Amino acid sequence: MREPVTSGSLLAWYDQHARDMPWRVAPQDRARGVMPDPYRIWLSEVMLQQTTVAAVKDYFVKFTNLWPTVDDLAAADDPEVMAAWAGLGYYARARNLLKCARVVSTEHGGVFPSNRESLQALPGIGPYTSAAIASIAFDLPETVLDGNVERVMARIHAVETPLPTAKPELMELAQALTPRERAGDYAQAVMDLGATICTPKNPACGICPWRDGCEGHASGIAPELPRKIAKKAKPTRRGVAYVLRNSKGEWLLETRPNKGLLGGMLGWPGSDWTEEPIPAPPIQTSWEPAGMEVRHTFTHFHLILDVMTARADAPPDKGVFIPHHSFRPSDLPTVMRKVFDVAKHRFEQN
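Throughout this document, residue positions are counted from 1 along each chain, in the order its sequence is written. Reporting in this predicted model follows two pLDDT cut-offs: at least 70 for local features of residues, and 80 or more for side-chain atom pairs to be given and counted; totals over whole chains, interfaces and linings ignore these cut-offs and use all residues. Only hydrogens and water are set aside; all other atoms, that is, all heavy atoms of the structure, feed into the side-chain values.

> When you look at unusual backbone geometry in this model, what are you seeing that I'm missing?
Trans is the prevailing form of peptide bonds, just as negative phi is the prevailing case for residues other than glycine. The omega torsion across Leu163 and Pro164 is 5°, close enough to zero to call that bond cis. For Pro164, the location among the structural elements is in the loop between helix H10 (147-156) and helix H11 (167-177). A positive phi angle is found at Gln50, which is not glycine, with a value near 60°. Secondary structure elements are defined from DSSP: runs of H or I of at least 4 residues count as helices, runs of E of at least 2 residues count as strands, and each element is numbered from the N terminus. Tracing the chain through its elements places Gln50 in the loop between helix H3 (38-48) and helix H4 (53-66). Despite not being glycine, Leu262 has its phi angle at roughly 60°, a positive value. Summarising the element assignment, Leu262 is placed in the loop between strand S2 (251-255) and strand S3 (266-267). Partly exposed describes any residue whose relative accessible area lies between the buried limit of under 20% and the exposed limit of over 50%, with all areas from a 1.4 Å probe on protein chains only and scaled to the type maximum. Leu262 gets classed as buried once you look at its relative accessible area, which sits at 5%.

Take a look at the structure:
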C-alpha cells in the first residue's frame, strides 16, 4: 500500500532543501518568527510571471537596491523604472508594477493588504499572484497553482486530462493538500519540488519526498505528465526598424505607446509588424540596409525585422534625438538591443 501524500512530509523536505533566494525568508528563520516583507514578495512574484528564477534574481537585487520600499518605487520616474526592467520581457508587468506601487503608497499608506481579495483588487495582481502573496507574505492558507504545482499535482494523482482543461481539477487537488499551518512555507515547498525534482524532463523520482505516494510514478507515466493540448504554430510577422544618427552622433529613439507590445519602452522608430509591413521611415533620406535581419520570438508570434540605417540632420516625423553619452543600449528591450547590435556594425563601417 502506498504511503499517503501529505504536506508534512513535503515540509520536512523543504526544511532541509529550501532554495536560497534574495526575497525568501528561510524556513528556520520563519520558525523563529521572521516574516517576509510583502513588498519583496510582491515584487518577486510579478517578476517571476512567465520568467525563470535565474533570470529574475539580478533584476530583483537591482530593483530593491534602487527602490528599497514600495513608497520608493511609487515615487520613481516611469522611464527610469522601464529602463531598469529592460530585458526582463512582458513589459505590461512593469507598467502595472508602477500603477500598483502608487495605489499601495497613496491609498493603503504604503502597506500591502493582507488578504487575497484586497490584493487581487490591485493593478496587475491576478488570482495566482494574490494567492502567492497572501500565502507567502502573510501565511494564509491560500492555494498557489503555477506551472510547477500543476505538474506535481498531475503526477502524484496521475491526472491524464490535458492542460489547460485540467486546471480546475488540479486546483482542487492542490487545495486539498494546502495546510492551515505553515501555508507560506508549503507554497514555496511545492514550487521548489517542481523546480528541482519533479522537473518537466527526467524527474528525479528517486529522491522525491512524495515518491511513495505518487500515482504517476507507480504507474510509470510520471515523466509524461501533465499532458497538454497541442499548441497552434506561431505565425511569423515582419517589420522594419530605422536606426538614425545625426552629425552630432545622437541617436533617434522613440518611446513606444503604453498600450501594446513593449509599451512604454524606448525603441527605434519602425513600421507596423504584420505579414506585409508598410515602410514608415521617421525622415525621408537615403536609408541603407544593415545587411542582417533581426529575429525575435514573442509569446504569440515570431518577428523578423529588416534594419535600415542612415545619417541625417533633418527634423524627424517621430522620436527624439538622444546624445550618445546619454544613450544606454541596456535600457532597450531585448529585440531593440538586437537591432542596435546589427546597426552599430554598419555605422562602424561607414
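Following the structure, the description resumes.
> So what exactly am I meant to see when it comes to the pattern of salt bridges here?
When charged atoms on two side chains of opposite charge get close, those side chains can pair. Whenever Lys or Arg places a side-chain nitrogen within 4 Å of a carboxyl oxygen from Asp or Glu, that contact is recorded as a salt bridge. Scanning the entire structure with this criterion turns up 18 salt bridges. Ionic pairing is found between Arg32 and Asp29, a salt bridge with its closest N-O pair at 2.3 Å. In this structure Arg32 comes out as exposed when scored by relative accessible area, which is 62%. For Asp29, a relative accessible area of 29% puts it in the partly exposed group. Residues Arg328 and Asp331 are paired through a salt bridge, measuring 3.0 Å at the closest nitrogen-oxygen approach.

> Explain the side chain of Ser135 here, please?
Tracing the backbone shows Ser135 in helix H9 (residues 127-138). When its relative accessible area of 0% is taken as the criterion, Ser135 is described as buried. Once you skip the residues sitting within four places of it in the chain, Ser135 turns out to touch Arg30, Leu140, Glu142, Val144, Ala183, Gly184 and Ala187. Any two residues whose heavy atoms approach within 4.5 Å are treated as being in contact.

> Before we go on, may I ask you to explain the packing of aromatic side chains in this structure?
Within a pair of aromatic rings, the relevant descriptors are the distance that separates the centres and the angle that separates the planes. Between 30 and 60 degrees the pair is tilted, below 30 it is stacked and above 60 it is edge-to-face, where a pair is any two Phe, Tyr or Trp rings, Trp via its six-membered ring, whose centres lie within 6.5 Å. Under the definition given, this model contains 15 aromatic pairs. Between the aromatic rings of Trp42 and Phe112, the centroid separation amounts to 5.2 Å while the plane-to-plane angle is 45°, which identifies the pairing as tilted. Taken together, the positions of Trp42 in helix H3 and Phe112 in the loop between helix H7 (92-107) and helix H8 (116-120) put the pair 70 residues apart, joining distant regions of the chain. Seen in terms of ring centroids, Phe63 and Trp67 are 5.0 Å apart; in terms of plane orientation they differ by 65°. Their pairing is edge-to-face. No difference in accessibility class separates Phe63 from Trp67, as the two residues are buried. Three or more aromatic residues link up through ring pairs in this structure, and these residues are Trp251, Trp268, Phe327, Phe340 and Phe347. Whether a charge sits over a ring depends on NZ of Lys or CZ of Arg being within 6 Å of the ring centre and within 35 degrees of the ring normal. The aromatic ring of Phe301 is capped on one face by Arg237, whose charged end is 4.0 Å from the ring centroid. Lying over the aromatic face of Trp273, Arg256 brings its terminal NZ or CZ to 4.9 Å of the ring centre.

> Would you explain empty space enclosed by the protein in this entry?
A probe matching the size of a water molecule, rolled over the atoms, marks out where space remains unfilled. Space inside and on the surface of the protein is sampled on a 1 Å grid over the protein atoms alone, with a cavity defined as a set of points where a 1.4 Å probe fits but cannot get out and a pocket as an open set with protein on both sides within 12 Å along at least 5 of 7 lines; lining residues have an atom within 4 Å of a point. Grid points are joined across faces, edges and corners, and a volume is the space filled by probe spheres set on the points. Counted under the stated rule, the structure contains two cavities of 30 Å³ or more. Every residue lining the largest cavity is counted, 15 residues in all, and those nearest its centre are Arg155, Cys198, Cys205, Cys208 and Cys214. Per element, the largest residue contribution to the lining of the largest cavity is three residues, and it comes from H10. In the lining of the largest cavity, the residues fall into 12 nonpolar, one polar and two charged. By volume, the second largest cavity amounts to about 60 Å³. Along its surface, the second largest cavity is lined by Ser135, Glu142, Thr143, Val144, Val149, Met153, Ala174, Thr178, Ala183, Tyr186, Ala187 and Val190. Only H10 and helix H12 (183-196) provide two or more residues apiece to the lining of the second largest cavity. Looking at the lining of the second largest cavity, the element that brings in the most residues is H12, giving four residues. Any residue outside Ala, Val, Leu, Ile, Met, Phe, Trp, Tyr, Cys, Pro, Asp, Glu, Lys and Arg is labelled polar, Gly included; the first ten of those are nonpolar and the last four are charged.

> What am I meant to see in the environment of Phe63 here?
Relative to the assigned elements, Phe63 resides in helix H4. Phe63 sits 93 residues away from Ile156 along the chain, and the two C-alpha atoms are 37 Å apart. When residues no more than four places from it in sequence are discounted, the contact partners of Phe63 are Leu43, Met47, Leu73, Val81, Ala84, Trp85 and Leu97.

Read these as layout, nothing more, since geometry by itself doesn't imply function.
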